[in-house]
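What the coordinates show
Here is what each chain is made of, one letter per residue.
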Amino acid sequence: MSFSSDIKDELIRVDYEKKCCRKAEIAAILRTGLILRKTKRKKTLTFITEHGLLSRYLYTQIKHIVKKGPEIYGEKTPRLKKHVVYRIDFNNLLENDEQRSFLEDIGIFLDLDKGTIEYHKYDIEDRCCIRSYLRGGFLSVGSLTNPDKSYHLELNFQNKLIQTEYMGYMEYFDLKPKHITRKNYEIVYLKEGQDIVDYLNVIGAHNALMEMENVRIMKEMRNQVNRIVNCETANLEKTVNAAVNQVEYIKYIDSVMGIENLPPALREIARLRLENTHASLSELGKMLSPELSKSGVNHRLRKLEKIAENLRRGKP
Ligand SMILES: [Zn+2]
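Read on for an overview of the structure.

The rules we used
Residues numbered from 1 in each chain as written. Predicted model: local features only at pLDDT ≥ 70, side-chain atom pairs only at ≥ 80, totals over all residues. Heavy atoms only, no water. Core = buried A, V, L, I, M, F, W, Y, C linked by side-chain atoms within 4.5 Å. Buried < 20%, exposed > 50% of the residue type's maximum accessible area, 1.4 Å probe, protein only. Helix = DSSP H or I, 4+ residues; strand = E, 2+ residues; numbered from the N terminus. Contact = heavy atoms within 4.5 Å. Donors = N, O, S within 2.8 Å, 3.2 Å for Na, K, Ca; no water.

1. As for the nonpolar core
Residues Leu30, Leu34, Phe138, Tyr199 and Leu200 are the most contacted members of the largest nonpolar core, which totals 64 residues. With eight residues, helix α5 (residues 127-141) is the largest single contributor of residues to this core. Not counting residues within four places of it along the chain, the set of residues in contact with leucine 30 comprises Leu58, Ile62, Phe90, Phe102, Leu103, Ile106, Ile108 and Tyr119. Core analysis: the second largest hydrophobic core is formed by 18 residues, Tyr249, Ile250, Ile253 and Leu272 among them.

2. As for the environment of glycine 142
Here glycine 142 is to be found in strand β7 (residues 142-144). Of the residues examined, glycine 142 reaches a relative accessible area of 6% and is grouped as buried. Separated by 101 residues in sequence, glycine 142 and alanine 243 have C-alpha atoms that sit 59 Å apart. When neighbours within four sequence positions are excluded, glycine 142 is seen to be in contact with Lys8, Gly137, Glu154 and Leu155.

3. What about the coordination of the zinc ion?
Each angle at a metal carrying four tetrahedral donors should ideally be 109.5 degrees, and each at a metal carrying six octahedral donors should ideally be 90 or 180 degrees. Coordination of the zinc ion by the protein comes from Cys20 (SG), Cys21 (SG), Cys128 (SG) and Cys129 (SG), over a distance range of 2.3 to 2.4 Å. Sequence spacing of the donors to the zinc ion: C-C-x106-C-C. Placement of cysteine 21 in helix α2 (residues 19-33) and of cysteine 128 in helix α5 is noted, with a sequence separation of 107 residues between them.

Dropping the structure here:
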């Protein structure tokens, strides 16, 4: 199953902090996910999801609230044989006052003549309920890419008011959602790993959060290892190139004036360099007696370089 689907499984098992929160969660699921379909014959108020557990969960929750509950269907989509879509129909609701008042209570008003759903603002004051509202929204219209690939959390709203309201509730928890309109959908998204982790924390998806953090740590470690390897490769190249250069100018000095004519300190290091072309400066330093530091070796090699330069220019 997908990462999104796993999160939804987890969220459905989350315990409510209080009873009040259940209503907020159901409100969010319905306010973000209801569709009113109008055909010539009839109008259907329906909620569609690919998530089987969510459909059964929503169905049961509503059964608790209204006596004459909705109907639930599982349908195989014609194109993809194994793919099942779950549909909850609220047809009774169109004639039934009890159900209708239940919807109106959560800010959902049906205009049957126009075949549209109108939403009123749904104000929530308690922190616990806002959290549940955010959770319900993700259950209904949220998705998250597998963090192994990239970090992208998205909620697709059909309605501008609902989108603004949802973003407001996200901001209440100091989340920083972004928004874009795409093909009649109002899309709210998060792209930063840390923002997504914070969001998962707010809605109570703690297993998903841990999994995401593990992936982030692994990625971070991999990056660090890469950085170290790159850095070492770069240093190694520098060392090798420098050594090649040193050997070149020492050989030049030897051919023009002979190494044996150098002052003793320089003669010694010149010989060692020629005999140990792969040694690092500190390794060369340790071959001397008394030992010489890396910078001491470097200092002498620079002197040799200077001599070679002078010889090339014809100076003594
Ligand atoms: Zn609450």
